Every structure is written in C-alpha cells, then in structure tokens.
Amino acid sequence: MSGIADLVKRALYRSGLLGLYHRLRNRRALTVIMFHRVLTEHDPRWATCDPDYTLEAGLLERCLAFFRRHYNVVSADQVLAARRDGTPLPDRALLITFDDGWADNHAHALPRLQAAGMPALLFTVADVVDRNEPFFQERLIAAFRRDTVRVPALLQALADAGHPLQPAPADTIDGLRKVIAAIEALDTDARNRLLAPFAAAMDDGVRQMVTRDELRELHAGGMAIGVHGKTHTPMTRADDLDAELATARQLVGQHLGSDVPPATMSYPHGRYDAKVLERTRAAGYELAFTSDPVMNPVDGRPGWLLGRLGFEQSGIVDREARFRPDWLGLYLFRAPVKQLAA
C-alpha cells in the first residue's frame, strides 16, 4: 500500500494537479519558511550537527528551485511594507527565514541564495554574535555524536541534582532529546551547575556562531537581520523579558552598526503567550514570527504575528537520499491558512 501511495504522490505532482491546487488555494497566502543550519557534507561541522535542524547545502539549492517554480519569493521589506501601508504582496508570496545566527548561514546559505537571486531574513540571538560555542542543546548533541557525552552520565547528573528521569531514556539520540528537555526545565543556575562537569567534553573548539563582520556581510548580501532573543531562552520562561526583547533589539542593531534597530523578531523555541505578545509590541517590533505551522492570509494587510513552516531533511528525501518535491509540495501546499493576530 505504501508503494501505491508513493506512486500517487508522484503522479499528483508530475501531472501538475498538485501545483494547480496550490495556485488556486494559496493565491492570497504568505508562506514563511523556517530554516536553521545549512552545511555541506565536507564541512567538519556536518559530522556533529543536529540532523533535525540541519539541511545539506545541495538540498537547499533544490528547495530554492522548488520555491522559484511554485512561489514568488519576497523580501522582509516587502512584508513590512504590506503590513505598514497595505502595499500588495504578489500572489503565492513566500519569505525565507533562518533562525539562531549560525556561521554556516554565511558560509553556505548566503552564496546559494545569491546565486538564486533570492532574499531572506535571518533572526540572530544577540548574545551569540562573535561567540564560538552554540547553545547547550546543540553542544550536547554534538558531544553525543562525538561519543564524548553519553545519556547514562547525564541521567546520573540529573538524579544527583534531585531530578531523576523515570523511566530512564535509552542511550540514543532520541533518548538524549528527552534528557535535554529535562535540562531545559531547570532554572539557569541549576542547569549551569549540572552541565559544568561536562564542559570540556561539550567543547570541540570549532567556531559555530556568526561573527559581527559575517552578520554585516549577510545583511549587505541580501539577508535582512531580525532578532531571536538575547540568550535563546524561551520567552515564556525568561527571567528578564525586557532583556530578551528590547535589549536584544538594541544589541543586534549595534552589531549591524545601525541607528535603526531591527523591526522583526522570531520566538526562540516557538514559545510565546499573551504577555510575551504584549511586550513584543511594546518593544517596537513590527513583525513577530512564530513556529506555528500555518500560512498567513494577505488580503489587505497581513497580521503582525506570522506563522512559519519548517521541515526536516528526512521529510524531503527518500531512502536513496533523492529530493522529493512531491513530498515537499504535499506538506507546504496543504498547510492551514490562519491569521494569528490582526
């Protein structure tokens, strides 16, 4: 049955019926794509990256070709203009975004976007600029893949700190993700104490995050720059929400050497609530981006709170590692259209 279903998917895409459905259904919708890391298999960071948040550079090129075929790729400035004064967006508009502030966005994503002639929007965490090490979650994933940190050792550390996990997750990457979720739930001081003994094992000495010069080159090269918080802490758990929003906005503006701070931001870990939304607007942001998997209606002015569609590499390649545009189309074209806020 799965083989028949796969043939049906291919046929729908190759016949043009799926594309026609998209052209009719999504004509006045803004699709926002959410990427994170982009690496080549020859990059030394490939071996230890988090596979759930990394796209192989050749696949990015195929995604960009797919976007060119089915969408009109727009810039952040075009979306801002639509929000500010109702300047119409083209039919089937699509905005490409990247989260976090990875150095590989400069090394691998930017040249491919430039070759395709496509703009994008990068949301950077203010505090990672000019910093080598990534977030503790990615450091743990990398250490696990290097075999310098294992799940049982982390479980013992959690138990010693009074936070045992039962049942104990397996010593696999999925088990590690459960441990990471438990560590995320700790307050900052408790998390730092727990991870301190693993610091050396979590450090590979490779620069992972964007520098100030790279950030400015990204901006000059066609990537608008937005804010992804100050520390990457989920906004709903932030000790200092003003720092994560207003201070972060000022810091990213300073990194860019601009007197005008960024007008856009995205929520770390996709977390927000009514209080966060209120403070976001008070901090001066004109557009905020979520991880809610929806397309955004754009008849008239788009809302200021926008959903985004993200996907893993495993969701767009088959077992032979072949790009499957039909899988990507079935996911993107059928996403719900929903206005999150006026």
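You'll find the structure just up there.
Everything numeric in this text was worked out from a predicted model, so none of it was measured.

(A) Fine view of the overall build of the chain. A count of helices and strands for the chain gives 14 helices and twelve strands. Relative to a compact globule of 342 residues, whose C-alpha radius of gyration would be 20 Å, the chain shows 20 Å and is just as compact. On the principal axes, the C-alpha backbone points of the chain span a range of 60 × 55 × 35 Å. Looking at the chain as a whole, 52% of its 342 residues qualify as buried.

(B) A look at the pattern of salt bridges. Within this structure, the stated rule accounts for 22 salt bridges. In this structure, Asp6 engages Arg324 in a salt bridge whose closest nitrogen and oxygen atoms are separated by 2.9 Å. Placement of the pair is Asp6 in helix α1 (residues 2-15) and Arg324 in the loop between β12 (309-310) and α14 (325-333), with a sequence separation of 318 residues. You can call Arg324 buried: its relative accessible area is 2%.

(C) The pairing of strand β1 (residues 29-35), seen in detail. Among the seven residues that make up β1, seven are buried, leaving the element largely enclosed by the rest of the structure. Of the pairings in the sheet, the one linking β1 to strand β10 (residues 296-297) comprises two bridges and is antiparallel in character. In the sheet register, Leu30 faces β10, and the bridge partner there is Asn296. One ladder, built from two bridges, connects β1 with β12; its direction is parallel. Each bridged residue has a counterpart across the sheet, and for Met34 the counterpart in β12 is Gly310.

(D) Just the packing of aromatic side chains, in detail. The full count for this structure, using the stated rule, is ten aromatic pairs. Judged by centre distance (5.8 Å) and plane angle (20°), the rings of Phe66 and Phe333 are stacked. Here Phe66, found in helix α3 (residues 57-70), pairs with Phe333, found in helix α14; they are 267 residues apart in sequence, far enough to count as distant. Take Phe66: its relative accessible area is 3%, and that puts it in the buried class. Residue Phe333 is classed as buried on the basis of its relative accessible area of 0%. Within the aromatic cluster, the residues linked to one another by ring pairs are Tyr13, Phe66, Phe67, Tyr71 and Phe333. Over the ring of Trp102 we find Arg37, and its NZ or CZ is 4.0 Å from the ring centre. Its guanidinium or amino end placed over the ring of Phe144, Arg150 lies 4.1 Å from that ring's centre, counting from NZ or CZ.

Each value, and the rule that gives it
- Residues numbered from 1 in each chain as written.
- Predicted model: local features only at pLDDT ≥ 70, side-chain atom pairs only at ≥ 80, totals over all residues.
- Heavy atoms only, no water.
- Helix = DSSP H or I, 4+ residues; strand = E, 2+ residues; numbered from the N terminus.
- Rg over C-alpha atoms; globule rule 2.2 N^0.38 Å.
- Buried < 20%, exposed > 50% of the residue type's maximum accessible area, 1.4 Å probe, protein only.
- Salt bridge = Lys/Arg side-chain N within 4 Å of Asp/Glu carboxyl O.
- Pairing = 2+ DSSP bridges.
- Phe/Tyr/Trp six-rings, centres within 6.5 Å; stacked < 30°, edge-to-face > 60°.
- Lys NZ or Arg CZ within 6 Å of the ring centre and 35° of its normal.

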